Amino acid sequence: MPNSKKRSWAEPFKIKMVEPLSMTTIQDRQRYIQEAGYNTFLLRSKDVYIDLLTDSGTSAMSDRQWAGIMLGDEAYAGSENFYRLEDSVKRFYGYKYLIPTHQGRGAEHLLSRILIKDGDYIPGNMYFTTTRLHQELAGGTFVDVIIDEAHDPENLFKFKGNIDTDKLIKLIESKGADKIPYICVATTVNMAGGQPISMQNLKEVRNVADKYGIDIVHDMTRVAENAYMIQQHEEGYSNKSVAEIVKEICSLTDHATMSAKKDALVNIGGFLATNKEDVYTEASNWVVVYEGLHTYGGLAGRDMEAMAIGIAESVQDDHIRARIGQVHYLGEKLLSYNIPVVMPLGTHGIFLDAKRILPHVPQDNYPAQTLAAELYLDSGVRSMERGIVSAGRNEETGKHNYPKLELVRLTIPRRVYTQAHMDVVAESVLSVYENRDKIKGMEMVYEPKYLRFFQAKFKKIE
Ligand SMILES: Cc1ncc(COP(=O)(O)O)c(C=O)c1O
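Below or above, wherever it landed, is the structure these notes cover. (Residues numbered from 1 in each chain as written. Predicted model: local features only at pLDDT ≥ 70, side-chain atom pairs only at ≥ 80, totals over all residues. Heavy atoms only, no water.)

## Looking at the pattern of salt bridges
Phase 1: Applying the stated criterion to the full structure yields 28 salt bridges.
Phase 2: Where Glu-154 meets Arg-356, a salt bridge forms, and the shortest distance between an N and an O atom there is 3.6 Å. In this pair, Glu-154 sits in the loop between β4 (141–144) and α6 (165–175) while Arg-356 sits in helix α13 (residues 354–357), placing the two residues 202 residues apart along the sequence.
Phase 3: Salt-bridge contacts for Asp-353 lead to Arg-356; the nearest nitrogen and oxygen are separated by 2.8 Å.
Phase 4: Residue classification places Asp-353 among the buried residues on the basis of a relative accessible area of 3%.
Phase 5: Judged by its relative accessible area of 31%, Arg-356 falls in the partly exposed class.
Phase 6: Connected through shared salt-bridge partners, Asp-55, Arg-222, Glu-225, Arg-323 and Arg-414 make up one network. (Salt bridge = Lys/Arg side-chain N within 4 Å of Asp/Glu carboxyl O. Helix = DSSP H or I, 4+ residues; strand = E, 2+ residues; numbered from the N terminus. Buried < 20%, exposed > 50% of the residue type's maximum accessible area, 1.4 Å probe, protein only.)

Encoded structure:
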């Protein structure tokens, strides 16, 4: 009997416009993936059926956002849309100063350049690819201080994005507080499988930061999703709105970098925000060199308008409930097929555990990269590797970094696909899983120097 008290996570919107998808045959896909060097980043999107490569810039905008696009004030300086974006950032996040950037990495670049000196160490709750690279390019060394549980895909702890404050204090004491320009806190942690940090932990990190006089930089790319997990699972927050929790998280940090292409529901855009006037002043000078004037930072006026509206939509409880509801729908379905996925289920995607799916493929033969290629071959579903290829090489030894997590990310764009699409994805993963014994792994035949996962090419081991 169905439970009459249950209310499913259905979307708080209806569909006004559709975009046709192309259907391909297995023969087509064999050719496309081979031409792409078995790297899903190198496929043409017209050859993809369900695109779960990333949730970055792939959201569907609302009719309000599209209407906002028509209000673009494309003045070079002092665009009205900048001021509306500034209002949104102050109102929903609480940061005092705003510098728009073309996307998240633009803000990471500026902030790393301003705050990091040669020989500094930057602790963070696991690395993110572009964030770490900008820290390194500025002369710093990233140090992972996330709790150990985050590296174990089977551990069920609800807040695997938490920082281990003992590890953090040990680092500060051993290197000296003057060598730590800031603590980098991401909400949620992408590379750990979309895992949230708890408010309690963030408060503890704030106390450590205050004790040693160190700032906190907030990678707030998915802050609303993190806030929802706090609302659902942390004591004392079930009666607070996502908007209130978002504001509280931001209030515990000093600066922020934002890729608005995720939470904030736009196809392009980001920003740097700060509460410190001196950092703002320096950033508003550097942004002119790398992005554009400080009132547009590489964005059109219309992009800033869409972002201002998207931020307001992103912190609505109904929106986030349906967004994460859809991600968990896919996760539950895969679990019902006994497919190994990272647990607990994350917020922006489901992460297949390639180490457990392909235990016979050594990490040197790129199990997650191989699995992503096989999934595309099976159904035209595009996913992304988050394992040894993404982890890159150790700067000093030149050897591969060997991450504990070897994952394939099925990232769900916001407000784009239906429940039936999720069913097809799950069915395709099951079919690849059933044929896993035949999969042998790959060799890398081309390796770019920076962020190799974007452009590396591979050859199948037959
Ligand atoms: C956690 C996190 N930080 C930073 C970035 C970089 O943002 P962007 O892709 O807008 O440059 C991303 C993008 O995927 C991300 O997921």
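Picking up where we left off.
## Observations regarding the site of the ligand
Phase 1: In the vicinity of the ligand, 13 residues are found, and the nearest of them are Gly-104, Arg-105, Asp-219, Ser-259 and Lys-262.
Phase 2: Side-chain polar atom of Gln-103 to an oxygen atom of the ligand: 2.9 Å apart, as the coordinates give it.
Phase 3: When the free accessible area of the ligand is taken as 390 Å², the share hidden by the protein chains comes to 95%.
Phase 4: Sorting elements by how many residues they give to the shell around the ligand places helix α4 (residues 104–115) first, with 3 residues.
Phase 5: Per-class residue counts for the shell around the ligand are 1 nonpolar, 6 polar and 6 charged. (Near = heavy atom within 4 Å. Polar contact = N/O pair within 3.5 Å; in protein donor to acceptor, adjacent residues only side chain to side chain. Areas by Shrake-Rupley, 256 points an atom, 1.4 Å probe, with all protein chains shown as cover. Nonpolar A, V, L, I, M, F, W, Y, C, P; charged D, E, K, R; others polar.)

## Things to note about the nonpolar core
Phase 1: By size, the foremost hydrophobic cluster in this structure holds 59 residues, and its most contacted members are Val-89, Tyr-93, Met-220, Val-246, Phe-271, Met-307 and Ile-311.
Phase 2: Judged by nonpolar contacts, the second largest core, of 31 residues, contains Leu-52, Val-327, Tyr-417 and Val-432. (Core = buried A, V, L, I, M, F, W, Y, C linked by side-chain atoms within 4.5 Å.)

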